[in-house]
Amino acid sequence: MSFTKQSLIDLDRQCRAAEEGNFTPPSSYIAAGVPIVELDVKQDLRCFCERWAGLRGLQRHIQILLEDAMRSPDVQLLVDIEARVAESLEEYAYTPLHELHERLVVYLALLTDDPARWLAAAQQALAQCASAAVGAELRFRARAFALALVQPRYDANVDAVYQMTHDYVRGMTRIGAERQAALETATERSPGELATLAELARGPIEDDDDGGLELPDDVVEDRAERERDDPPGVVVLERLPASGNSKYGNQSFAEFKDFVGERIPLVPRPDVVTIRETLVAEAPHLAAVVDGILQTVAMSSVVRIRPTLLVGEPGSGKTWLARRIAELCGVPSVVYPAGGVADGTLGGTNRQWHSARPSLPLQLIHLHGIANPAIVVDEVEKASQERRNGALHDVLLSLLEPSSARTFLDPYLEVPCDLSRVSWILTANNHEGLPAPLLDRLRVVFVPAPDRRHAPALIRSVLRDLARERELDPVWIPPCGPDDVGLIERAWAGGSLRKLRRVVEVWLDCQDAPALAH
C-alpha cells in the first residue's frame, strides 16, 4: 500500500494546524492520532461543541455536563459524560453522539494513567485502520497513535503522546506484512502486550514486497532534511502598518524593520534531568513543584512551560524558582512586579502617545532574538482590578490563551504578533481574590514553605547567590561547617527564605569581622 506525496503533505499540514488552533479535526481524525486542538482538551472540547451548537437531538443533561466540562475539564466529569453518552448510543443513532464518544475516549486516555483507558483508545485507533473512509496515511498514523497511547508516561502529559506518535510515524516508514498483521490483530491484547509492538514497529526495515506500507523516498528524505537543517523557529511579526507622518510611527517602523517576516529561533529543550537535579539540590523543599513544572518541558522539543501560578507563603521561594528554571532552561526572562499595577501596559501602549512602547513579551523577544522567553509576573494578586486605564488581569487573559496570543494585536505596532511561545509563570501569596477567567487559564501549584530539615542545602544555595551578587569567587566564601549550620538553623527556625538570607548574611559578615559576633 503506497501513499501519495500530496496526501502526506496534506496530513502534516492538518496536524500542524490542529496544534496551532487553526483546524478542528473531525473525531475520526482525533481517534486516529491527529492532535487535538492546541494539544489542550479544554480548547478542543470547546471547538467541538461550537461545531455542533446549532443541532438538536443532544440530550439536555449531556449538554449541561459539556458546558461544565468546557469551563473545567475535570477527569471525573469527563468519565461521567462518557458513561452517559455510551448509554445514549444504545438508544439513539445520532452522529454528534458518536463523534463525542470517540473524542471522549481519547481525552480520557490522554488525561489519566489508567491502562484500561489507554487500551480503549488504542483499540479505537486501530479500528480506524480498517475504515475505508480515511486515507492510507491516516490509517498508518492510527497504528502509530495506538502504540504511543499504551507507552508508560506521566499522567496528563498530552504532548508526550503526540510526540511519540510523531516518532513512530517517522520510524515506521516501512513496515512489512508480518508487522502489519501483528498490529491489526492487537485489538485483543493487553496494554503491556500492545506496548511490545513498538519494538516491532521501530525495528530494522524489512525488504518485503508482500503488502508492506511504504512512504515515498523523496517524502522521507524531505522530512529528515527538514528536521536536520530547519531549526525550530516562528515568525513573530509578519508585517508592519503604514507608518504615516508621525515620528513615532516612523520610529516603530525603523525599530522592527529587520524583524518582519523573519523566523525567530526557539530555544530547544535542554537536559531536563540535569536541571531537576540542580534545582532539587538547591531547594529540596520544592522537589514536587519542580517535577510538575518540568513535566511539560520534558516532552516538548523546545522550551515551553505551561502557564503556571505558584501560590505560597511570602518567602517560600516562588519567584526564585521561576527565575532559576528560566535560567537553567537557557531562555531569557524578566520579572514583572504586579504589586500596585493599575493599568494594562504589560500589553503595550498606543504609539500615538509619547510614552508608547510595545508589549512586554514583544520587547523581550525583540531584545534577545528568541521567540520563547519566560515572563514572571510577581505577586499578581496585588494588581489593581480598576479598568480605567486597562487592567493587568485582562491583558493576561489574551496572552495566556494560545489561540489569542498567536494573533495578539500589539497596540504599539497595531498589527498582530505571534506571542504564543512565551512561557508564563505567575506568583501569588493567595489566589482566592483572582478572577475566575484568569485562574481558568493557569495550572495552580501550591509551594510549601521550607523547614529546618532543608537548612543545609538552602544555606549552600544562599551562599552561592551572595558570592555571585558580591562578585566574589566562591573559594573566598568561608566554609559553613556543621556547627555553623546548626547556629544558622536555630536562628532561622524555618519559614521565609528571606529571613534565612538575612541570618546567613549576618553569619558571613561575622566571618569577615569576628568582633561583630560578640
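This text gives an overview of the structure that appears in the document. (Residues numbered from 1 in each chain as written. Predicted model: local features only at pLDDT ≥ 70, side-chain atom pairs only at ≥ 80, totals over all residues. Heavy atoms only, no water.)

### What to know about unusual backbone geometry
Stage number 1. Residue Glu 379 is not a glycine yet carries a positive backbone phi of 55 degrees.
Stage number 2. Assessed through its relative accessible area of 24%, Glu 379 is described here as partly exposed.
Stage number 3. In the Ramachandran plot, Glu 414 falls in the positive-phi region, its phi being about 60 degrees despite a non-glycine side chain.
Stage number 4. Locating Glu 414 in the fold gives a position in the loop between strand 8 (408-410) and strand 9 (415-417).
Stage number 5. By relative accessible area, Glu 414 is classed as partly exposed at 36%. (Buried < 20%, exposed > 50% of the residue type's maximum accessible area, 1.4 Å probe, protein only. Helix = DSSP H or I, 4+ residues; strand = E, 2+ residues; numbered from the N terminus.)

### Structural notes on a nonpolar patch on the surface
Stage number 1. Residues Leu 472, Val 475 and Trp 476 make up a contiguous nonpolar surface patch of about 380 Å² in total accessible area.
Stage number 2. Relative to the helices and strands, Val 475 resides in the loop between helix 22 (455-469) and helix 23 (482-492).
Stage number 3. Of the residues examined, Val 475 reaches a relative accessible area of 66% and is grouped as exposed. (Patch = residues over 30% accessible without salt bridge, like charges linked within 9 Å, V, L, I, M, F, W, Y side chains within 5 Å. Areas by Shrake-Rupley, 256 points an atom, 1.4 Å probe, with all protein chains shown as cover. Salt bridge = Lys/Arg side-chain N within 4 Å of Asp/Glu carboxyl O.)

### Considering helix 5 (residues 75-89)
Stage number 1. Taking 1.5 Å as the rise per residue, helix 5 with 15 residues should run 21 Å; its terminal C-alpha atoms sit 21 Å apart, in good agreement.
Stage number 2. Three or more residues of helix 5 are buried, namely Leu 77, Leu 78, Ile 81, Glu 82, Val 85 and Ser 88. Each buried residue of helix 5 lies within a common arc of 135 degrees when the element is viewed along its axis, so the set occupies one face. (Expected span 1.5 Å × (residues − 1). Arc of directions from axis to C-beta.)

### Digging into the side chain of Asp 465
Stage number 1. Take Asp 465: it is sitting in helix 22.
Stage number 2. Given a relative accessible area of 16%, Asp 465 falls into the buried group.

### Some details on the pattern of salt bridges
Stage number 1. Scanning all chains against the criterion turns up 15 salt bridges.
Stage number 2. Ionic pairing is found between Asp 44 and Arg 103, a salt bridge with its closest N-O pair at 2.7 Å. Of this pair, Asp 44 sits in helix 3 (residues 41-51) while Arg 103 is found in helix 6 (residues 95-111), placing the two residues 59 residues apart along the sequence. Per residue, the accessibility class of Asp 44 equals that of Arg 103, and both read buried.
Stage number 3. One salt bridge connects Asp 465 with Arg 468, and the closest N-O pair in it is separated by 2.7 Å. Residue Asp 465 and its partner Arg 468 are both found in helix 22; the two are separated by three residues, about one turn of the helix.

### Here we look at the packing of helix 15 (residues 272-282) against helix 17 (residues 318-329)
Stage number 1. Here helix 15 crosses helix 17 at 150 degrees, and the two axes come no closer than 11 Å. Between helix 15 and helix 17, the angle is such that the two are roughly antiparallel. With respect to the hand of their crossing, helix 15 and helix 17 are arranged in right-handed fashion. From helix 15, Ile 275, Thr 278, Leu 279 and Glu 282 reach across to helix 17, where they touch Trp 320, Leu 321, Arg 324, Ile 325, Leu 328 and Cys 329.
Stage number 2. Classifying every residue of the contact of helix 15 with helix 17 gives seven nonpolar, one polar and two charged. (Axes fitted to C-alpha atoms, helices over the stretch in contact; angles between N-to-C directions. Parallel < 35°, antiparallel > 145°, perpendicular 65-115°, else oblique. Left-handed = near helix turned anticlockwise from the far one by under 90°. Contact = heavy atoms within 4.5 Å. Nonpolar A, V, L, I, M, F, W, Y, C, P; charged D, E, K, R; others polar.)

### Some words on the pairing of strand 11 (residues 443-447)
Stage number 1. Side chains of strand 11 alternate between two faces, with Arg 443, Val 445 and Val 447 buried and Val 444 and Phe 446 left unburied.
Stage number 2. By the bridge criterion, five bridges tie strand 5 (residues 308-312) to strand 11 in an arrangement that is parallel. Directly across from Thr 308, in strand 11, lies its bridge partner Arg 443. (Pairing = 2+ DSSP bridges.)

### Details of the sheet that holds strand 6 (residues 333-337)
Stage number 1. With parallel pairing, five strands are arranged side by side in an open sheet as 6-7-10-5-11. A strand with exactly one partner marks an edge of an open sheet, and here the two such strands are strand 6 and strand 11. Geometrically, the sheet is characterised by an average inter-axis angle of 20 degrees between neighbouring strands, direction not taken into account.
Stage number 2. Here strand 7 (residues 374-378) runs beside strand 10 (residues 423-428); their pairing, made up of four bridges, is parallel. Among the inter-strand pairings, Ala 374 is bridged to a residue of strand 10, identified as Ser 423.
Stage number 3. Packed onto the sheet, helix 19 (residues 392-400) meets strand 6, strand 7 and strand 10 and runs at close to 145 degrees relative to strand 10.

### Details of helix 22
Stage number 1. With 15 residues, helix 22 should cover 21 Å at 1.5 Å per step; its first-to-last C-alpha distance of 21 Å lies within 8% of that length.
Stage number 2. Listing the buried residues of helix 22 in full gives Ala 455, Ala 457, Leu 458, Ile 459, Ser 461, Val 462, Leu 463, Asp 465, Leu 466 and Ala 467.
Stage number 3. After helix 22 finishes, the residue Glu 471 shows a positive phi value of roughly 55 degrees.

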